[in-house]
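The chain contents come next:
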Amino acid sequence: MLWSKLETSVLTSATLAVAGGFDYIRGRLGLDHARELIVPSHFDTKASNSLRPADLPDPRTPQFASEATSVIRRLLEITRGRAFVLFTSYAQMNEIYERFLASWNFRC
């Protein structure tokens, strides 16, 4: 109903494209006819991250949340709670947050 009322819409996000395309988001939003453009990022992720562990398991595995929680906990201890942690999934962010609730002294 929304798209039929709009002449033009521009959707932007760092995470709209999945596996190099927009099929997933197009299906979720019911967009049948759209022009698409993926613009390369000017942000140097590798140079800007202070921690990007390569030894974490695949985020789709059940072990990921436990091991990521451990790595994030170590980082937060080192930085005394001063860290900006990014997630690509609300579900993972909430799961890891829940793991911290019982035993964490810093504000999340």
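Above this text is the structure in question.
Being a predicted model, the structure only gives us computed values, none of them experimental. Throughout, residues of each chain are indexed from 1 in the direction in which the sequence is written. The predicted origin of the model limits local features to residues at a pLDDT of at least 70 and limits the giving and counting of side-chain atom pairs to 80 or more, whereas totals for whole chains, interfaces and linings rest on all residues. Excluding hydrogens and water, the side-chain figures rest on all heavy atoms present in the structure.

Engineer: So, unusual backbone geometry: which residues are in play, and what are the values?
Structural biologist: With a phi close to 55°, R80 is a non-glycine residue in the positive phi region. We count a stretch as a helix when DSSP gives it H or I for four or more residues in a row; a strand needs E for two or more, and each element gets its number in order from the N terminus. Tracing the chain through its elements places R80 in the loop between helix 3 (63-78) and helix 4 (90-101).

Engineer: A description of the pattern of salt bridges should follow, citing residues and the corresponding values.
Structural biologist: When a carboxyl oxygen of Asp or Glu lies within 4 Å of a side-chain nitrogen of Lys or Arg, that pair is called a salt bridge. Applying the stated rule across the entire model yields three salt bridges. Across the pair D58 and R60 runs a salt bridge, and its minimum N-O distance is 2.7 Å. Accessible area is worked out with a 1.4 Å probe on protein chains only. A residue is then buried under 20% of its type maximum, exposed over 50%, and partly exposed in between. Residue class for D58 comes out partly exposed when judged on its relative accessible area of 33%. Between R99 and E95 there is a salt bridge; the shortest N-O distance is 3.3 Å. Separated by four residues within a single helix, R99 and E95 lie in helix 4, roughly one turn from each other. Take R99: its relative accessible area is 37%, and that puts it in the partly exposed class. You can call E95 partly exposed: its relative accessible area is 37%.

Engineer: Help me get a handle on the environment of F87, residues and values and all.
Structural biologist: Note that F87 resides in the loop between helix 3 and helix 4. Note on definitions: a residue-residue contact is assigned when non-hydrogen atoms from the two residues lie within 4.5 Å. Contact partners of F87, with chain neighbours within four places excluded, come to I72, Q92, M93 and I96.

Engineer: I'd love a proper account of helix 3, names of residues and values included.
Structural biologist: Here helix 3 is 16 residues long and its end C-alpha atoms lie 23 Å apart, about the 22 Å a rise of 1.5 Å per residue gives. Buried within helix 3 we find F64, A65, A68, T69, V71, I72, L75 and L76. Take the number of residues in a helix, subtract one, and multiply by 1.5 Å to get its expected span.

Engineer: A description of the side chain of T69 should follow, citing residues and the corresponding values.
Structural biologist: With respect to the secondary-structure elements, T69 resides in helix 3. Judged by its relative accessible area of 6%, T69 is buried. Once you skip the residues sitting within four places of it in the chain, T69 turns out to touch I96, R99 and F100.

In short, geometric facts, not functional conclusions.
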